[in-house]
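# Residue-level structural notes
Here is how the chains run, residue by residue.
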Amino acid sequence: MKYKIIFSDFDGTISRSDNTVSEKVKAAVDRYVKAGGKFILATGRLFSAVRPRAQELNLHGEVIVYQGGGIYDVDSGKPLWLNTIPTQKAARLLEELEKLDYCENLCYFNDECNCARPSEYVDYFCQICGVPYHSTNMPLSKYITENDVQPVKILSLMMPEHTDEFLEYGRRAAGSGMVFTRSHKSVVEILPLGINKGEAARRICAEYGVDKSEVIALGDSENDASMLEFAGLGIAAGNAMPALKAVAGEVGVTNDEDFVAWVIEKYGEI
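Quick summary incoming for the structure in this document. (Residues numbered from 1 in each chain as written. Predicted model: local features only at pLDDT ≥ 70, side-chain atom pairs only at ≥ 80, totals over all residues. Heavy atoms only, no water.)

Relative to strand E2 (residues 38–41), strand E1 (residues 5–8) runs parallel, the two sharing 4 bridges. Bridge pairing in E2 links isoleucine 6 to phenylalanine 39. (Pairing = 2+ DSSP bridges. Helix = DSSP H or I, 4+ residues; strand = E, 2+ residues; numbered from the N terminus.)

In structure tokens form, the structure reads like this:
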């Protein structure tokens, strides 16, 4: 088998536009794994949000979550590796983001999605992800300071027309230590420099002694770029953001055309 590991984003890559996974994709993943390959999900989701989808695909072992901020074991539910953002660093950044009136900020900690207050943005986002959220009923910056919380990831939701403005403002406010990437036209994810899907994939490959030339990475969003750049073969879905297509080695069919099955049929059974 030329490619021993396939790392794949979930939303918009494996899942269709209606958030379902086709039987064709499930069958292809099953064939690849039974042939000796490792198929590993790499997502921005909470572990609790992606675990049922991993089980739906009959996957075991590692799953990359929080956009590379954590690696969990699907079966035991335990973190194998977890990075956190220091409390004061996260609080200072959130204080700056809370000055904006066009976005809703979320913090991931304790494998929960936390927000300052309920909103239609938060309701919709969590409905898609299939997880409940916890409202702190106070600014997140204040809550994490008072409770000495170290979040794994900060995430901001907004209308698409505000993302460019938000990215410029946020990067200026955060300085060089944090990285802002779009996982959707309305979603910006914020993590420490050096924490990303590509580095998490590198960590797993080192554990198994797998060279990056033996790796395929699949995705559809800007936050998949580090993973596609790391892999020996990085393939963007046909529905991917233009910025991801620009760094991909190849562009395939769309998620609604069974992109992952297309990749496995073309490369995963060699």
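Okay, back to it.
Moving on, we get to the packing of helix H3 (residues 87–97) against helix H6 (residues 163–174). Across the interface, H3 lies against H6 with an axial gap of 10 Å and an inter-helix angle of 145°. Like other packed secondary-structure pairs, H3 and H6 cross with a definite hand, here right-handed. Taking contact as the criterion, the partners of Leu93, Glu96 and Leu97 in H3 are, on H6, Phe166, Tyr169, Gly170, Ala173 and Ala174. Tallied by class, the residues present in the contact of H3 with H6 amount to 6 nonpolar, 1 polar and 1 charged. (Axes fitted to C-alpha atoms, helices over the stretch in contact; angles between N-to-C directions. Left-handed = near helix turned anticlockwise from the far one by under 90°. Contact = heavy atoms within 4.5 Å. Nonpolar A, V, L, I, M, F, W, Y, C, P; charged D, E, K, R; others polar.)

This paragraph deals with the pairing of strand E4 (residues 70–73). Consecutive side chains along a regular strand alternate between the two faces of the sheet. In E4, alternate side chains face the same way, and those of Gly70 and Tyr72 on one face and Ile71 and Asp73 on the other are all buried. In the sheet, strand E3 (residues 62–65) pairs with E4 via 4 bridges, with the strands oriented antiparallel. Directly across from valine 63, in E4, lies its bridge partner tyrosine 72. Connecting the antiparallel pair E3 and E4 is a turn made up of 4 residues, with tyrosine 66 showing a positive phi of about 55°. Inspection of the sheet shows E4 paired to strand E5 (residues 79–82) by 3 bridges, in the antiparallel sense. Paired with isoleucine 71 across the two strands is tryptophan 81, which belongs to E5. From the end of E4 to the start of E5, which pair antiparallel, there are 5 residues, and glycine 77 there has a positive phi angle of about 75°. (Buried < 20%, exposed > 50% of the residue type's maximum accessible area, 1.4 Å probe, protein only.)

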